[in-house]
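Chain residues, written in single-letter form:
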Amino acid sequence: MNLRMRAYDPFDARDVVALWDRCLRADPITREIFEENVLLDPNFDPTGCRVAELGSSMIGFAYALTRRTPLPWGFESEFERDREVGWVFALFVEEAHRRQGIGSELLQEALEFLRAKGVRRVVLGNYAPNYVLSGVDTQAYPGAQEFFVRHGFEVEGQSFGMGIDLHGFRRPPEAAETEQTLGREGIVVECFSRDYLLPTLAFLEECFPTWLSLLIEKLRRGDDHREMVIARRGTEVIGYCQRRYGHHAERTGPFGVRADFRGKRIGTLMLYHLLERMAEEGLRFGWFAQTGERQRHYYQRVGYRAIRTHVEMSRRL
Ligand SMILES: CC(C)(COP(=O)(O)OP(=O)(O)OC[C@H]1O[C@@H](n2cnc3c(N)ncnc32)[C@H](O)[C@@H]1OP(=O)(O)O)[C@@H](O)C(=O)NCCC(=O)NCCS
C-alpha cells in the first residue's frame, strides 16, 4: 500500500479527531474541541495541516500555525512579540506505524510551512489561548521528547498539570480568619456579578490583558456567574479567577491578583471560593493545565497535587 503525504481536506476532521484520540490518549479531544481550538481559530490555515495516509487510512497528522490575526482582544502585544514565532500545535503517528520516519516527514513539512511564513522560532504546543497540549508529557508519550530533540528542539522548561479531588471539598477554618482580616481592609472575595463588569474588564486590561477574551467568551456563552470569582477593594477589582475553559468545565484558572495586593492570601481565598462552588454543583474534580514550579507549591497548599509533568520545547528555524 502506498504511503502518501497530503494537504488537509475539509472532510478530514472526523478522522483527525479519531486518530488524535488513539495517539494522544492522555489529551483526548472531541469534534467540538477540535473545532473550537483549531478550525474556528482565526489563525487556522489548512496549508499548515499535513496528513499521512496509508491506502485510504489516515495514520499521521501534523498541524502548524502562525499568528496572522491579532485576535482576540488583549493579544495585541503577543501579536507583536510573536511575529517570528510559529507553533507545532500537534503531531502524531498511529502506533503501529511509528519509527518508520513518518513523524519526521510530517514535522519537516510543518517546519517548511513555518519557514515560508518567516518563522525563526518554533514552539511545541502552548499556542495561547487555544492550546490543547502544554508541551510533551514524557510519561504519557514515551519517545516524543527524544523525537523532538532529534529534530533540533531543546527543552526550555517544565510545567505541571495539577488536579484536586472535590469530593466533600470545604475551605479550611483559617480561611475565615483571612476573610475577616481582608474585610477590615475593605477587600471582599465573591462571585462575579454584572455590576462589576467594567471594573473587571479594567482590571484584566491593566494586569492580564490576554485573559480578557476568556471572560468575554464566558459572558457571551451565558456561563453561570458563579464560575467566575473576583476580589475587590470597594468598587475596584483587584483579582480574578474562573473555571471552564472552552469545553472543559472542570478546568480551573487562570487566576491572578494585582501585583501590589499579592501576599495577602487573596488568591487562596478566591480559589477556595471557586472550588466550593464547584463542589456544591456536584463536580468531583478540578484541574489546572499548566503551572510553573513556584505556583505548583501555591496550589499544593490549597489541596491540588501534581498529576502530570510537561517539558516545554522549542527550536530556532
Ligand atoms: C512523536 C511521534 C510523532 C514520532 O513519530 P514517528 O513516526 O515514530 O517518528 P520517526 O520514525 O520519524 O522518528 C525519528 C527519530 O525520532 C526518535 N524517536 C522517535 N520515537 C522514539 C522513541 N520511541 N524512543 C526514542 N527515540 C525516538 C529517533 O531518533 C527516531 O529515529 P530512529 O528511528 O532512526 O532511531 C510518535 O511517537 C507519536 O505519535 N507519539 C504520540 C503523540 C505525541 O507524543 N506527539 C507529540 C506531542 S504533539
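Residues numbered from 1 in each chain as written. Predicted model: local features only at pLDDT ≥ 70, side-chain atom pairs only at ≥ 80, totals over all residues.

The next point concerns the overall build of the protein chain. Counting its regular elements, the protein chain contains 10 helices and 13 strands. Across its three principal directions, the C-alpha atoms of the protein chain cover 70 × 40 × 35 Å. Counting across all 317 residues of the protein chain, residues that qualify as buried make up 34%. (Helix = DSSP H or I, 4+ residues; strand = E, 2+ residues; numbered from the N terminus. Buried ≥ 20, exposed ≤ 12 C-beta atoms within 10 Å, placed from the backbone.)

On to the environment of proline 209, then. Turning to its location among the elements, proline 209 is positioned in the loop between helix H7 (197-207) and helix H8 (212-221). In the structure, proline 209 is positioned 136 residues away from tryptophan 73 in sequence and 7.8 Å away in space, judged by C-alpha atoms. Dropping the residues within four chain positions of it, proline 209 is found in contact with Gly74, Ser77 and Leu204. (Contact = placed C-beta atoms within 7 Å.)

So, on to the domain arrangement of the protein chain. Each assigned domain of the protein chain is listed here: domain 1 (3-133) and domain 2 (167-283). Between the C-alpha centres of domain 1 and domain 2 there is a distance of 33 Å. For the side of domain 1 that touches domain 2, the secondary-structure elements that each account for two or more residues are helix H2 (31-39) and helix H3 (76-81). Considering every element that reaches the side of domain 1 that touches domain 2, the biggest residue donor is H2, with 4 residues. In the side of domain 1 that touches domain 2, the residues fall into 6 nonpolar, 4 polar and 3 charged. (Domains from an automatic or database assignment. Nonpolar A, V, L, I, M, F, W, Y, C, P; charged D, E, K, R; others polar.)

Right, let's talk about the site of the ligand for a bit. Taken together, 22 residues sit near the ligand, with Arg98, Gly103, Ser104, Tyr141 and Gly143 positioned nearest. Every element with two or more residues in the shell around the ligand is listed here: strand S4 (85-93), helix H4 (102-116) and helix H5 (144-150). Residues belonging to the shell around the ligand are distributed by class as follows: 13 nonpolar, 5 polar and 4 charged. (Near = placed C-beta within 6 Å.)

What follows is about the nonpolar core. By size, the foremost hydrophobic cluster in this structure holds 41 residues, and its most contacted members are Ala62, Tyr63, Ala64, Val88, Phe89, Leu91 and Ala110. Put simply, the parts of the chain that give this core at least two residues each are helix H1 (13-23), strand S2 (49-54), strand S3 (57-66), S4, H4, strand S5 (121-124), H5 and strand S13 (305-316). The element that contributes the greatest number of residues to this core is S4, accounting for 7 residues. Sequence-distant contacts of alanine 110, defined by excluding residues within four places in its chain, comprise Arg50, Ala62, Ala64, Val88 and Leu91. Tyr196, Ile238, Tyr240 and Tyr272 belong to the second largest nonpolar core, which has 34 residues in total. (Core = buried A, V, L, I, M, F, W, Y, C linked by C-beta atoms within 7 Å.)

Next up on the list: the packing of helix H6 (residues 174-184) against helix H9 (residues 266-280). Where H6 contacts H9, the two axes come as close as 10 Å, and the packing angle between them is 125°. Considering the angle they form, H6 stands oblique to H9. Between H6 and H9 lies a crossing whose hand is left-handed. Taking contact as the criterion, the partners of Ala175, Thr178, Glu179 and Leu182 in H6 are, on H9, Ile266, Leu269 and Tyr272. A class-by-class count of the residues in the contact of H6 with H9 yields 5 nonpolar, 1 polar and 1 charged. (Axes fitted to C-alpha atoms, helices over the stretch in contact; angles between N-to-C directions. Parallel < 35°, antiparallel > 145°, perpendicular 65-115°, else oblique. Left-handed = near helix turned anticlockwise from the far one by under 90°.)

Before going further, it helps to examine H9. In an α-helix, one full turn covers 3.6 residues, which means residues spaced three or four apart are oriented alike. With 15 residues, H9 ought to run about 21 Å at 1.5 Å a step, and its terminal C-alpha atoms sit 21 Å apart, in line with that. Counting buried residues in H9 gives 11 out of 15 residues, a clear majority hidden from the surface. Those residues of H9 not exposed but buried are Ile266, Gly267, Thr268, Leu269, Met270, Leu271, Tyr272, His273, Leu274, Leu275 and Met278. One or two residues past the end of H9 sits glycine 282, with phi positive at roughly 90°. (Expected span 1.5 Å × (residues − 1).)

Below, the discussion takes up unusual backbone geometry. Omega for the bond connecting alanine 128 with proline 129 falls within 30 degrees of zero, at 0°, which places this linkage in the cis form. Cis rather than trans, the peptide bond between glycine 253 and proline 254 has omega equal to 5°. The topology assignment puts proline 254 in strand S11 (residues 248-257). Here the phi dihedral of arginine 244 falls at roughly 75°; this positive angle occurs in a residue that is not glycine. Tracing the chain through its elements places arginine 244 in strand S10 (residues 236-245).

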